[in-house]
Structures are given as C-alpha cells and as structure tokens.
Amino acid sequence: MHPHLKEILFSREQIEEKVKELAKVVSNDYEGKYPLVVGILKGSAMFTTDLIKEMSIDLELDFMDVSSYGNATESSGEVRILMDLSTPAVGRDIILVEDIVDTGNTLKFLKGLLYERGAKSVTIISLLDKPDGRKVEIEADYYGFIVPDAFVVGYGIDYAEKYRSLPYIGIFNQEFL
Ligand code: 5GP
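The paragraphs below set out a description of the structure included in this document. The model shown is predicted, which means the values in this text are computed figures rather than measured ones.

Rules used throughout
Residues numbered from 1 in each chain as written. Predicted model: local features only at pLDDT ≥ 70, side-chain atom pairs only at ≥ 80, totals over all residues. Heavy atoms only, no water. Helix = DSSP H or I, 4+ residues; strand = E, 2+ residues; numbered from the N terminus. Rg over C-alpha atoms; globule rule 2.2 N^0.38 Å. Buried < 20%, exposed > 50% of the residue type's maximum accessible area, 1.4 Å probe, protein only. Contact = heavy atoms within 4.5 Å. Near = heavy atom within 4 Å. Polar contact = N/O pair within 3.5 Å; in protein donor to acceptor, adjacent residues only side chain to side chain. Areas by Shrake-Rupley, 256 points an atom, 1.4 Å probe, with all protein chains shown as cover. Phe/Tyr/Trp six-rings, centres within 6.5 Å; stacked < 30°, edge-to-face > 60°. Lys NZ or Arg CZ within 6 Å of the ring centre and 35° of its normal. Core = buried A, V, L, I, M, F, W, Y, C linked by side-chain atoms within 4.5 Å. Pairing = 2+ DSSP bridges.

Describing the overall build of the chain
- Counting secondary structure elements, the chain contains three helices and nine strands.
- Helices (α) and strands (β) of the chain occur, in sequence order from the N terminus, as β-α-β-α-β-β-β-α-β-β-β-β.
- Taking 177 residues into account, the globule formula puts the C-alpha radius of gyration at 16 Å, and the chain, at 16 Å, falls close to it.
- Principal-axis analysis of the C-alpha atoms places the extent of the chain at approximately 50 × 35 × 25 Å.
- For the chain, buried positions account for 53% of its 177 residues.
- Considering only intrachain contacts with a sequence separation of at least 6, the fraction spanning at least 24 residues in the chain is 66%.

What follows is the structure, given as structure tokens:
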C-alpha cells in the first residue's frame, strides 16, 4: 500500500471484477444503440478505458474535462468546462462515465447541459458513490461501489494530481495534505 494512504478500500482484483460486471449490464441495456460513451477527465479516464474494453457492443468514445474541486478536498459547487466534447451530442444516447458522485453538482450540470444540446438520452455510470456527500438531487443509473464520507484516491482519482496511477482505491491519509 502507498504510504500516504490510510487503508485500501478496493483492490485491483475487486475493481476488475466490478468493471466486468458493469460492462456486461451496460452492454445488455445498450444493445443495438451505438451509444456515445463520455469519460469525465481526468478522474474517470482509467475506469472509462477499462470499462469499454469489457463492453461487447459497438460504441463511440469521447471525453470532457470538467473541474469542480481545484486542489482542495472540498467541493466548490462550481463546475467549469476545461475541455469540451468533439462529438455533437444531438440525437445521441449518451453514457456519462464518472469516477465518483459526491455532492452531485458535476453530474447535475453535465446531464442538464447534454440534454440542452439535444441528446436523446443521458445515463450515468459512476464507479463510486459517496451518498453522504450529496447536496443536489441526482443519482447515477449504475454504480460500482459505495464509499464512506472520506477522501479517496487511486485508480485514476487524484489528490493534487498525485496517486492516479495506483491500481487500487484507498482512503488518503490527510496528514499528507
Ligand atoms: P461532485 O460534483 O459530485 O461533488 O464531485 C464529483 C467530483 O469530485 C468527482 O468526479 C471527483 O473528481 C471529485 N471528488 C469527490 N469526492 C472525491 C474524493 O473522495 N476524492 C477525490 N480525489 N475526488 C473526489
């Protein structure tokens, strides 16, 4: 375990297993639909690419980069688009892939935006759910794991751009802030 972590929540093997499970369910639900899979950078980059490798249907891949955190460990509530989609959303069945739903601000903003742009449907898949953090009413359609109200890192998820490359997810030890 990385010395800056307090505890490992989900091992590489547990994550792999969960990703396969989610990919199977989503592939079933989207059979024949050619969805546009949108990974939300940077946190869900690893999850998104692992997920689509396990999906058995044709799909299109795009990314958006949004920021709501800066380098702090508290959500600011404000969502900024840092990089937009390169694919038009109009008429598409979109699967938004997120790393973690905390306050819900990011997903509420993105879902609204994609519908405004004429998406046919927008569903959300999030690897992690932090239900205690929710401040706005929104839920993902598919979740991987529930996490406690603690700051997690690993498997794409950072603290100040660090720890993204860890193959597991754990609780960050705030002594290393
Ligand atoms: P929300 O907009 O739902 O509050 O937060 C979504 C984003 O906040 C996530 O995509 C993630 O980037 C960040 N976030 C929320 N909780 C955590 C956490 O425990 N650790 C890290 N590193 N980021 C988090």
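Regarding the site of the ligand
- Taken together, 17 residues form the shell around the ligand, and within it Asp99, Thr103, Gly104, Thr106 and Asp158 come nearest.
- Threonine 103 places a side-chain nitrogen or oxygen 2.4 Å from an oxygen atom of the ligand.
- A distance of 2.7 Å separates an oxygen atom of the ligand from a polar backbone atom of glycine 104.
- Contact with the protein chains covers 92% of the free accessible surface of the ligand, which is 510 Å².
- Contributing elements (two or more residues each) for the shell around the ligand: strand 5 (93-101) and helix 3 (105-116).

Considering the packing of aromatic side chains
- On inspection of all chains with the given rule, the structure shows five aromatic pairs.
- Both rings, one in phenylalanine 151 and one in tyrosine 159, keep their centres 5.9 Å apart while their planes meet at 90°; by these two values the pair is edge-to-face.
- A relative accessible area of 10% means that phenylalanine 151 is categorised as buried.
- Residue classification places tyrosine 159 among the buried residues on the basis of a relative accessible area of 15%.
- Between tyrosine 159 and phenylalanine 172 the ring centres are 4.9 Å apart and the planes differ by 25°, which places this aromatic pair in the stacked class. One end of the pair, tyrosine 159, is in the loop between strand 8 (152-153) and strand 9 (169-172); the other, phenylalanine 172, is in strand 9, with 13 residues separating them in the sequence. As far as burial versus exposure is concerned, tyrosine 159 and phenylalanine 172 are alike and both buried.
- Counting every residue linked through ring pairs, the aromatic cluster contains Phe151, Tyr159, Tyr163 and Phe172.
- A cation over an aromatic ring shows up here: lysine 18 above the ring of phenylalanine 145, its NZ or CZ 5.1 Å from the ring centre.

Comments concerning the side chain of arginine 92
- Mapped onto the secondary structure, arginine 92 falls in the loop between strand 4 (80-83) and strand 5.
- There is a polar contact of 2.8 Å between the side chain of arginine 92 and the side chain of glutamate 60.
- Setting aside residues no more than four positions away along its own chain, arginine 92 makes contact with Tyr34, Pro35, Leu36, Glu60, Thr87, Ala119, Lys120 and Ser121.

Describing the nonpolar core
- Phe47, Leu51, Ile125 and Leu128 are the most contacted members of the largest nonpolar core, which has 28 residues in total.
- Considering each element in turn, this core owes the most residues, five residues, to helix 1 (residues 12-29).
- Setting aside chain neighbours within four positions, we find leucine 51 in contact with Val19, Leu22, Ala23, Val97 and Ile125.
- Core analysis: the second largest hydrophobic core is formed by 20 residues, Val38, Val66, Leu96 and Ile138 among them.

A look at the sheet that holds strand 8
- Ordered in space as 1-9-8, the three strands form an open sheet in which the pairing is antiparallel. In this open sheet, the two edge strands, each paired with only one partner strand, are strand 1 (5-10) and strand 8.
- Pairing geometry for strand 8 and strand 9, over two bridges, is antiparallel. When the bridges of strand 9 are listed, valine 153 appears paired with glycine 170.

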